[in-house]
Amino acid sequence: MVGFFMPTMLVSCSGFGTTSSMGELSLATLAGGNTFQAGESSLYLVFFGMLIAMAATFFYYLRPDMERYMPMVEAGAVGISLLVMLSKLLQLKSQVDSLGLKFELRYGAFFLFAGFLLALGGVIMAFTNGSPLGFPISHPSESYGKAFPIPPTPPGSDFYQPPPPPVYNQASSSARLELVSGNSPLPFVQLTGTDFTIGRGSANDLRLPDKSVSRSHVRLRYAQGSWFIQDQESAIGTYVNGQRVQAGRLNPGDQLKIGSTIFTFRS
């Protein structure tokens, strides 16, 4: 959008052996003026298209349930903006060539095209859930120990520390979530360990490919012989038996609604 108002082209003409500069023009000037009969109000679509794409990025916070449509709105707005700009620049070039003028892109054009590249990169990341090429994103701390393993300290060393005692899983091995409807990749999910996370992000124990589900949506914890549910400040909330809950105990037969997916809790 900044590049729309910055000077983006230099038009000069040669006559009688001399060269006179016509100055630098911005797309906004061309859209509202009649320079070389190139005044086209449709050039404003370049600006408004990028404005719509930016607004769609923040619209998610107002309507989280519409998140799945935001990448399509962004892609359409950026695509229309880019097509209009390229077509009008080609049209202008053909007009000035017919008048014997010289058409050149100036430094402002780099801001304009850089903005389009950044916008297209953002659209790609929106379609791939935040990953530029569709690869899962992991936190650097998750791979630090794998990339740089710490060698064990031999017994007898001044820095030797005995390994911690093993932690045994006290959770009920029969606890599970049975799919009723929705986008779960499995018909039922066994709850393993004492801490089980569900969300759209790849770091969760159960990943739901649903745009209405937050990246870290809900957490299930096992303590004192029971399973408890805790919403992780998700955008659209977590529902148990049709009621939105922040935290609470789960009972056998309870129905959990996470986004558009419904499970039945069994224990």
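The structure contained in this document is the topic of the report that follows.

So, how was this worked out
Residues numbered from 1 in each chain as written. Predicted model: local features only at pLDDT ≥ 70, side-chain atom pairs only at ≥ 80, totals over all residues. Heavy atoms only, no water. Helix = DSSP H or I, 4+ residues; strand = E, 2+ residues; numbered from the N terminus. Buried < 20%, exposed > 50% of the residue type's maximum accessible area, 1.4 Å probe, protein only. Contact = heavy atoms within 4.5 Å. Areas by Shrake-Rupley, 256 points an atom, 1.4 Å probe, with all protein chains shown as cover. Phe/Tyr/Trp six-rings, centres within 6.5 Å; stacked < 30°, edge-to-face > 60°. Pairing = 2+ DSSP bridges. Axes fitted to C-alpha atoms, helices over the stretch in contact; angles between N-to-C directions. Salt bridge = Lys/Arg side-chain N within 4 Å of Asp/Glu carboxyl O. Patch = residues over 30% accessible without salt bridge, like charges linked within 9 Å, V, L, I, M, F, W, Y side chains within 5 Å. Lys, Arg positive; Asp, Glu negative; His and termini not counted. Polar contact = N/O pair within 3.5 Å; in protein donor to acceptor, adjacent residues only side chain to side chain. Core = buried A, V, L, I, M, F, W, Y, C linked by side-chain atoms within 4.5 Å.

Focus on the overall build of the protein
Then, in step 1: The helix and strand tally for the protein stands at six helices and 14 strands.
Then, in step 2: Looking at the protein residue by residue over its 267 residues, the buried ones come to 33%.
Then, in step 3: Considering only residue pairs separated by 6 or more positions, the protein has 48% of its internal contacts joining residues 24 or more positions apart.
Then, in step 4: Element-wise, carbon and sulfur atoms account for 62% of the exposed surface of the protein, whose accessible area totals about 16,100 Å².

A few points about the packing of aromatic side chains
Then, in step 1: All told, the structure shown has two aromatic pairs when counted by the stated rule.
Then, in step 2: Judged by centre distance (5.5 Å) and plane angle (75°), the ring pair of Phe 47 and Phe 48 falls under edge-to-face.
Then, in step 3: For Phe 48, a relative accessible area of 42% gives the class partly exposed.

Structural notes on the sheet that holds strand 14 (residues 261-266)
Then, in step 1: The strand order 5-4-14-13-10-11 describes an open sheet built from six strands, whose pairing is antiparallel. The sheet is open, and its two borders are formed by strand 5 (188-190) and strand 11 (243-245), each paired with just one other strand. Neighbour-to-neighbour, the strand axes of this sheet turn through a mean angle of 30°, independent of strand direction.
Then, in step 2: Note that strand 10 (residues 238-240) and strand 13 (residues 255-258) share three bridges and pair antiparallel. From the neighbouring strand, Tyr 239 faces strand 13, where its bridge partner is Lys 257.

Quick look at the pattern of salt bridges
Then, in step 1: Under the defined criterion, the tally for this structure stands at four salt bridges.
Then, in step 2: Close ionic contact of Glu 178 with Arg 176 constitutes a salt bridge, the shortest N to O distance being 2.9 Å.
Then, in step 3: For Arg 176, a relative accessible area of 27% corresponds to the partly exposed category.
Then, in step 4: Between Arg 221 and Asp 195 there is a salt bridge, with its nearest N and O atoms 3.4 Å apart. Of the two residues, Arg 221 sits in strand 8 (residues 218-223) while Asp 195 sits in strand 6 (residues 195-199), which places them 26 residues apart along the sequence.
Then, in step 5: For Arg 221, a relative accessible area of 37% corresponds to the partly exposed category.
Then, in step 6: Salt bridges sharing common partners tie together Arg 176, Glu 178 and Arg 266.

Notes on the environment of Val 245
Then, in step 1: Checked against the element boundaries, Val 245 lands in strand 11.
Then, in step 2: Measuring from C-alpha to C-alpha, the distance between Val 245 and Ile 229 comes to 8.6 Å, with 16 residues separating the pair along the chain.
Then, in step 3: Discounting residues that sit within four places of it in the chain, Val 245 has contacts with Ile 229, Asp 231, Thr 238 and Val 240.

Description of the sheet that holds strand 9 (residues 226-231)
Then, in step 1: Taking strand neighbours across the sheet as the criterion, the five strands line up as 7-6-8-9-12 in an open arrangement whose pairing is mixed. Looking at which strands have only one partner, the edges of the open sheet turn out to be strand 7 (206-207) and strand 12 (247-249).

Re a nonpolar patch on the surface
Then, in step 1: A cluster of nonpolar side chains, Met 1, Tyr 44, Phe 48, Leu 51, Met 54 and Phe 58, forms an exposed patch at the surface whose accessible area comes to about 540 Å².
Then, in step 2: The topology assignment puts Leu 51 in helix 3 (residues 44-59).

Brief notes about the side chain of Asp 254
Then, in step 1: Of note, Asp 254 is situated in the loop between strand 12 and strand 13.
Then, in step 2: For the buried residue Asp 254, which engages in no salt bridge, the nearest side chain bearing the opposite charge is Arg 249, 9.1 Å off.
Then, in step 3: There is a polar contact of 2.8 Å between the side chain of Asp 254 and the backbone nitrogen of Asn 251.
Then, in step 4: Beyond its immediate chain neighbours, meaning those up to four positions away, Asp 254 contacts Val 240, Asn 241, Arg 249, Phe 263, Thr 264 and Phe 265.

A short note on the nonpolar core
For soluble globular proteins, the rule of thumb is that nonpolar side chains tend to be buried together.
Then, in step 1: Core analysis: the biggest nonpolar cluster contains 21 residues, and Leu 27, Val 46, Val 78, Met 85 and Phe 116 have the highest contact counts within it.
Then, in step 2: Looking at this core, the elements that each hand over two or more residues are helix 2 (27-32), helix 3, helix 4 (70-98) and helix 5 (108-127).
Then, in step 3: If you tally residues by element for this core, the top one is helix 4, at six residues.
Then, in step 4: With residues up to four places along the chain from it excluded, the contact list for Val 46 reads Phe 4, Leu 27, Ser 81, Val 84, Met 85 and Phe 116.
Then, in step 5: In terms of nonpolar packing, the next biggest core, distinct from the first, is built from 20 residues, Ala 175, Leu 191, Leu 206 and Val 240 among them.

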